[in-house]
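Each chain, letter by letter, is given below.
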Amino acid sequence: MYRYILFDLDGTLTDSREGIVNCTKAVLAGYGDPPLPEETLLRFIGPPLQDSFIRFCGYSPEKAAEAVERFRLRYEPIGQYENRPAPGAAELMERLRKRGFVLALASSKPENLCVSICQRYGFTPHLSALVGSPPHGDWSKEDVIREALRQLGLAPGAAEALMVGDRKFDVAGARACGLDCVGVEFFGYAPPGELEEAGAVAVVPTVEALEAFLLAHSAPAAE
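Conventions and cut-offs
Residues numbered from 1 in each chain as written. Predicted model: local features only at pLDDT ≥ 70, side-chain atom pairs only at ≥ 80, totals over all residues. Heavy atoms only, no water. Salt bridge = Lys/Arg side-chain N within 4 Å of Asp/Glu carboxyl O. Helix = DSSP H or I, 4+ residues; strand = E, 2+ residues; numbered from the N terminus. Buried < 20%, exposed > 50% of the residue type's maximum accessible area, 1.4 Å probe, protein only. Core = buried A, V, L, I, M, F, W, Y, C linked by side-chain atoms within 4.5 Å. Contact = heavy atoms within 4.5 Å. Axes fitted to C-alpha atoms, helices over the stretch in contact; angles between N-to-C directions. Parallel < 35°, antiparallel > 145°, perpendicular 65-115°, else oblique. Left-handed = near helix turned anticlockwise from the far one by under 90°. Nonpolar A, V, L, I, M, F, W, Y, C, P; charged D, E, K, R; others polar. Phe/Tyr/Trp six-rings, centres within 6.5 Å; stacked < 30°, edge-to-face > 60°.

Chemist: Explain the pattern of salt bridges here, please?
Modeler: For side chains bearing opposite charge, pairing can occur when the charged atoms are close. What the rule picks out here adds up to 13 salt bridges. With its nearest N and O atoms 3.1 Å apart, the salt bridge here joins Asp 10 to Lys 109. With Asp 10 in the loop between strand E1 (4-7) and strand E2 (14-15) and Lys 109 in strand E4 (residues 102-110), the pair connects residues that are 99 residues apart, well separated along the chain. Like Asp 10, the residue Lys 109 is buried in the burial classification. Residue Glu 38 pairs with Arg 17 through a salt bridge whose shortest N-O separation is 3.4 Å. In this pair, Glu 38 sits in helix H2 (residues 38-41) while Arg 17 sits in helix H1 (residues 17-31), placing the two residues 21 residues apart along the sequence.

Chemist: Please explain the nonpolar core as it appears in this structure.
Modeler: When a protein is soluble and globular, its nonpolar side chains tend to lie buried together. Grouped together as the largest cluster of nonpolar side chains are 55 residues, with contacts concentrated most on Ile 5, Phe 7, Phe 53, Phe 123 and Leu 210. The element that contributes the greatest number of residues to this core is H1, accounting for six residues. In contact with Phe 7, other than residues within four places in its own chain, are Leu 13, Met 93, Leu 96, Leu 103, Ala 104, Leu 105, Ala 106, Met 163, Val 164 and Leu 210. In this structure, Leu 152, Leu 154, Cys 181 and Leu 195 belong to the second largest nonpolar core, which totals 24 residues.

Chemist: Whenever I open this one, the packing of helix H7 (residues 141-151) against helix H8 (residues 168-176) confuses me. Can you help?
Modeler: Helix-helix packing: each pair is described by the crossing angle between the helix axes and the interaxial distance. Contact pair H7 / H8: the axes reach a minimum separation of 8 Å and the direction vectors enclose 55 degrees. Comparing the axis directions of H7 and H8 gives the class oblique. Along this stretch, H7 crosses H8, giving a crossing that reads as right-handed. Every residue of H8 that contacts H7 at Lys 141, Glu 142, Ile 145 and Arg 146 is listed here: Phe 169, Asp 170, Gly 173, Ala 174 and Ala 176. Of the residues that constitute the contact of H7 with H8, the class distribution is four nonpolar, one polar and four charged.

Chemist: How should the packing of aromatic side chains be read in this particular structure?
Modeler: The relation between two aromatic rings is expressed through the spacing of the ring centres and the mutual angle of the planes. Enumeration according to the criterion identifies eight aromatic pairs in this entry. Their ring planes at 25 degrees and their centres at 6.4 Å tell us that Tyr 2 and Phe 213 sit as a pair that is stacked. Placement of Tyr 2 in the segment before E1 and of Phe 213 in helix H10 (residues 207-216) is noted, with a sequence separation of 211 residues between them. Grouping residues by exposure puts Tyr 2 and Phe 213 together as buried. Taken together, a centroid distance of 6.3 Å and an interplanar angle of 50 degrees make the contact between Tyr 121 and Phe 123 tilted. Tyr 121 sits in the buried class, given a relative accessible area of 17%. The exposure class assigned to Phe 123 is buried, which follows from its relative accessible area of 0%. Here the aromatic cluster, defined as three or more aromatic residues joined through ring pairs, consists of Tyr 31, Phe 44, Phe 53, Phe 56 and Tyr 59.

Chemist: Honestly, the environment of Ser 128 in this entry has me stumped. Any pointers?
Modeler: Tracing the backbone through its elements, the reader meets Ser 128 in strand E5 (residues 127-133). Linking Ser 128 and Leu 103, residues 25 residues apart in sequence, is a C-alpha distance of 5.8 Å. When sequence neighbours within four positions are dropped, the list of residues in contact with Ser 128 reads Val 102, Leu 103 and Leu 152.

On their own, these measurements won't tell you what the molecule is for.
Written as structure tokens, this is what we have:
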């Protein structure tokens, strides 16, 4: 029975497609590299950026780290605003909190951007912990989940804690921390079958379906 719910950000609580795609295109153009297919650009949404630049652009770890810094030069003043919340996400978080759930954010995005985005879309009042990556170097999903658990006063493997995310990286990070993960398909960025194959305990298509799952598998005390 779950009580502590850890949310991913990009692709889960918000649709960050426009900002991430535009910033990635700008980085490639800055290097004089050919553009990537749209379907490849969409795969930058969710995973740590450095990993994506290595995997999809063939960059060395050193160049990928530099590419992340170039990405952020556009993302912080412009790209973070090319973003929209999942319809009903803030309202869902409010209902869950009032039912006694404890909510947290666990995102690979830099923490200062997580703070800004969560404040803009009304998520912050419902979060007991808000964890992102440090300013330099991307933490793995496992790293941010472990830190979120620590801030919630929980140890890895806490049976009452559940991760909610949209990609296999969320599932793998949760499993590395001994947690279950529910996959969401609000924006459809995971390839078909990815979340199931990664070991998600359930995959839900809408915010309403996520709420139904949580209420069916939890027994938090109401405030």
